[in-house]
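Examining the three-dimensional arrangement
Here are the chains, one letter per residue:
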Amino acid sequence: MPWWSWILIWVALVAVSLLFYVLLGIRLFRQFMATVKDLTAAGGKLGHIEPAEAPVEAADPGRPRPGSAVFASPAVMRHDYEASKSARREERRRRRVQRKKDRGQPQALGDLDFT
């Protein structure tokens, strides 16, 4: 085989590999563009959905926002914990007294409020 036939074989191999890379690039570009189109359509649909509930700030301005406990001092958090604990305890006591009153049962001395 003459030397120029080897050059033709190598040129053909390089041309086929370049054609393969070009076709692969076109295929990847089309898949990328289809993904972008789908994401754009999904973003358009999600952009029109109304929130399920009102914002926390508008609902109750006196209530702390979710996540604010991370930045609060331990003393404030301890006070809030104790206050909510005593409020829950008082609410349970009030329901127990009302339930016993409705059934006509005698009240426990600790359940009576003397104030």
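Everything here concerns the structure above.
Structure report, in brief. Nothing here was measured: the structure is a model prediction, and the numbers come from that model. Numbers given for residues are sequential positions, taken from 1 along each chain in its written order. With pLDDT at 70 or above as the cut-off, local features in this predicted model cover only qualifying residues; side-chain atom pairs require 80 or more to be listed or tallied, and sums for whole chains, interfaces and linings still use all residues. Based on all heavy atoms of the structure, the side-chain values leave hydrogens and waters out of the count.

1. Focus on the overall build of the protein chain
- Secondary structure assignment for the protein chain yields three helices and zero strands.
- For helices the rule is a DSSP run of H or I covering at least 4 residues; for strands it is a run of E covering at least 2, with both sets numbered from the N terminus onward. The helix and strand sequence of the protein chain, counted from the amino end, reads α-α-α.
- Buried residues are those whose accessible area, probed at 1.4 Å on protein chains only, stays under 20% of the maximum for their type, while exposed residues exceed 50% and partly exposed ones sit between those limits. Put simply, the protein chain has 115 residues, and 3% of those count as buried.
- Only the protein chains shown count as cover for residues, and the accessible areas themselves come from Shrake-Rupley with a 1.4 Å probe. Just so you have it, the protein chain exposes about 10,700 Å², and 66% of that area is on carbon and sulfur atoms.

2. Let's talk about the pattern of salt bridges
- Salt bridge, as used here: a side-chain nitrogen of Lys or Arg that lies within 4 Å of a carboxyl oxygen of Asp or Glu. Applying the stated criterion to the full structure yields three salt bridges.
- Here Arg93 makes a salt bridge to Glu90, at a shortest N to O gap of 2.7 Å. Placement of the pair is Arg93 and Glu90 together in helix α3 (residues 74–103), with a separation of three residues, close to one helical turn.
- Taking relative accessible area as the criterion, Arg93 reaches 17% and is therefore assigned buried.
- Residue Arg94 is joined to Glu91 by a salt bridge in which the shortest nitrogen-to-oxygen separation is 2.4 Å. You can see Arg94 and its partner Glu91 sitting in helix α3, three residues apart, about one turn around the helix.

3. Let's talk about a positive patch on the surface
- Patch membership requires more than 30% relative accessible area and the absence of a salt bridge. Residues of like charge join within 9 Å; the nonpolar side chains Val, Leu, Ile, Met, Phe, Trp and Tyr join within 5 Å. Within this scheme the basic residues Lys and Arg register as positive and the acidic residues Asp and Glu register as negative, but His and the chain ends are omitted. Charge positions come from single atoms, namely NZ of Lys, CZ of Arg, CG of Asp or CD of Glu. A contiguous patch of positive charge, built from Lys85, Arg88, Arg89, Arg92, Arg95, Arg99 and Arg103, is present on the exposed surface.
- Here Arg95 shows up in helix α3.

4. With respect to α3
- Under the convention used throughout, the expected extent of a helix is 1.5 Å for every residue step, that is, one less than its residue count. With 30 residues, α3 should reach 44 Å at 1.5 Å per residue; the first-to-last C-alpha distance of 43 Å fits that figure.
- Positive backbone phi, at 80 degrees, marks Gly104, one or two positions downstream of α3.

5. Quick look at a nonpolar patch on the surface
- On the surface, a nonpolar cluster with roughly 620 Å² of combined accessible area is contributed by Met1, Trp6, Ile9, Trp10 and Leu13.
- Topologically, Trp10 is positioned in helix α1 (residues 3–47).

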